[in-house]
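Coordinate analysis (summary)
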Amino acid sequence: MQRRITPAAILLTAFLAISGCGTNTGTEPAASTPPPSSATPTPAKTYTDADLSSLLATLKDSQGRPLTVIPAAQIDQGIIKAKEVLKSAVFTPPACNVFADSNSQIPEDSTYAAGTTVSAAESTAIVVTVIALKDAKELTDHLEASRKASAECRNFTVELAGQKITTEVQPVDTKTKGDQSFAALAKQSLSTGEKQTALTMTGIKGSLAATAVKAGPAVTPNAAPELAQLIDTILAHG
């Protein structure tokens, strides 16, 4: 019998996608300010939501399945729902609530899009999100905060959407073609007894960040090249 992806697992997949592309809310120490430069900064490249959606529509997974672009209204509804769920999420140890505190918002001045593909045969889902900000430093600061949180919270539990999820986080040594990269494998045990694994990878280039999450009962770090390919295709437009 094929194992299905539960709604709670899909919700957590979306949560991890938001985590990779979220924004720093100030809970981490501020980075040191670089010395002023006399050079005129190059204006950041701008993208509309439609630009990013069109880019995602060109992507295919390793099996040649095209990504289905999620309608903007559905993304916005999902963000609102995620915020509401995360408000009541209980993390143990409490310090690991940094995942909710700093990863559940998307800046008002950003543009973003998301796409997904599902493999019934593998019981896996891939969620790809792309976000563009005017201030690239905000993206890099957040990626560093996510890296720090993943290192400090290798094992934690969270009560989320009526489910208690025990998570073990394992950093994955892999890179994208972006200026910065980060990847981690999260092994999750749901209170229902189901096991779920999610590999999250983020790459940043300029003001553009892309996160790909592959979730399923038996996802391993071997999925990294597939996610890196998706991210690199996006960042090539950065």
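In case you missed it, the structure is sitting above this.
The text that follows walks through the structure, step by step, so that each part is easy to find. Fair warning: this is a prediction, and the values are worked out from it, not measured in the lab.

Summarising the sheet, strand β1 (residues 68-69) and strand β3 (residues 111-119) pair through two bridges and their orientation is antiparallel. Along β3, the bridge assignment pairs Val69 with Gly115. Note that β3 and strand β4 (residues 124-132) share nine bridges and pair antiparallel. Across the sheet, Ser119 pairs through a bridge with Thr124, a residue of β4. In this antiparallel pair of consecutive strands, β3 and β4, the connection spans four residues, and Ser123 shows a positive phi of 55°.

A separate point is the nonpolar core. Counting residues in hydrophobic clusters, the biggest one holds 28 residues, and the most contacted among them are Val128, Leu199 and Ile234. Listed by contribution, the elements that provide at least two residues to this core are α2 (49-56), β4, β7 (180-190), β8 (195-205), β9 (208-216) and α6 (224-235). If you tally residues by element for this core, the top one is α6, at seven residues. Those residues in contact with Ile234, other than ones at most four positions away along the chain, are Leu55, Leu56, Leu59, Val128, Val130, Leu208 and Ala210. Core analysis: the next-biggest nonpolar cluster, separate from the first, contains 14 residues, Cys96, Cys153, Val158 and Phe182 among them.

Here strand β2 (residues 90-92) runs beside strand β5 (residues 155-160); their pairing, made up of three bridges, is antiparallel. For Thr92, the partnering residue across the bridge sits in β5 and is Thr157. Summarising the sheet, β5 and strand β6 (residues 163-171) pair through six bridges and their orientation is antiparallel. In the sheet register, Thr157 faces β6, and the bridge partner there is Thr166. A loop of two residues connects β5 with β6, the two strands running antiparallel in sequence, and Ala161 in this loop sits at a positive phi of about 50°.

Glancing now at the environment of Leu56. Note on placement: Leu56 falls in helix α2. Its relative accessible area of 0% is what places Leu56 among the buried residues. A sequence separation of 72 residues divides Leu56 from Val128, and the C-alpha atoms of the two residues are 8.1 Å apart.

Turning next to α6. Taking 1.5 Å per residue, 12 residues should reach 16 Å; α6 reaches 16 Å between its end C-alpha atoms and fits that length. Across the 12 residues of α6, nine count as buried, placing the element largely inside the fold.

Spatial strand order, β1-β3-β4-β9-β8-β7-β6-β5-β2: nine strands in an open sheet with antiparallel pairing. The strands lining the two open edges of the sheet, one partner per strand, are β1 and β2. The strands touched by helix α3 (residues 72-87) within the sheet are β3 and β5, with β3 carrying the most contacts at an inclination of about 85°. Where α6 meets the sheet, it contacts β4, β8 and β9, and its direction lies at approximately 30° from that of β8.

Here we take up the pattern of salt bridges. Scanning the entire structure with this criterion turns up three salt bridges. Lys214 is the salt-bridge partner of Glu122, the closest N and O atoms lying 3.6 Å from each other. Here Glu122 is found in the loop between β3 and β4, whereas its partner Lys214 is found in strand β9, with 92 residues between them in sequence. The class of Glu122 is partly exposed, set by a relative accessible area of 39%.

Let us look at the state of the cysteines. Per the counting criterion, the structure on display carries one disulfide. Each sulfur in the disulfide pair Cys96 and Cys153 lies 2.1 Å from the other. Because the torsion about its S-S bond is -105°, the bridge between Cys96 and Cys153 counts as left-handed. With Cys96 in the loop between β2 and α4 (98-101) and Cys153 in the loop between α5 (136-152) and β5, this pair connects stretches of sequence that are 57 residues apart. Its relative accessible area of 1% is what places Cys96 among the buried residues.

Here is what the cut-offs are and how they apply
- All chains use their own residue numbering, which begins from 1 and follows the written sequence.
- Since the coordinates come from a predicted model, pLDDT governs what is reported: local features require at least 70, and pairs of side-chain atoms require 80 or more to be given and counted, while whole-chain, interface and lining totals use all residues.
- Derived side-chain values reflect all non-hydrogen atoms in the structure, with water molecules and hydrogen atoms excluded from consideration.
- When DSSP locates at least two bridges between a pair of strands, those strands are taken to pair.
- Each helix is a run of DSSP H or I of at least 4 residues and each strand a run of E of at least 2, with the numbering of both proceeding from the N terminus.
- The set of buried Ala, Val, Leu, Ile, Met, Phe, Trp, Tyr and Cys residues whose side-chain atoms join them within 4.5 Å is what this entry labels a nonpolar core.
- Note on exposure labels: buried denotes an accessible area under 20% of the residue type's maximum, exposed denotes more than 50%, and partly exposed covers the range between, all computed with a 1.4 Å probe on protein chains only.
- Throughout, a residue-residue contact means that at least one pair of heavy atoms, one from each residue, lies within 4.5 Å.
- Helix span, as expected, comes to 1.5 Å for every residue beyond the first.
- All axes here are fitted lines through C-alpha atoms, helices being fitted over the stretch that makes contact, and every angle between N-to-C directions spans 0 to 180 degrees.
- Only one rule defines a salt bridge in this text: a Lys or Arg side-chain nitrogen within 4 Å of an Asp or Glu carboxyl oxygen.
- Here, a disulfide means two cysteine sulfur atoms that sit within 2.5 Å of each other.

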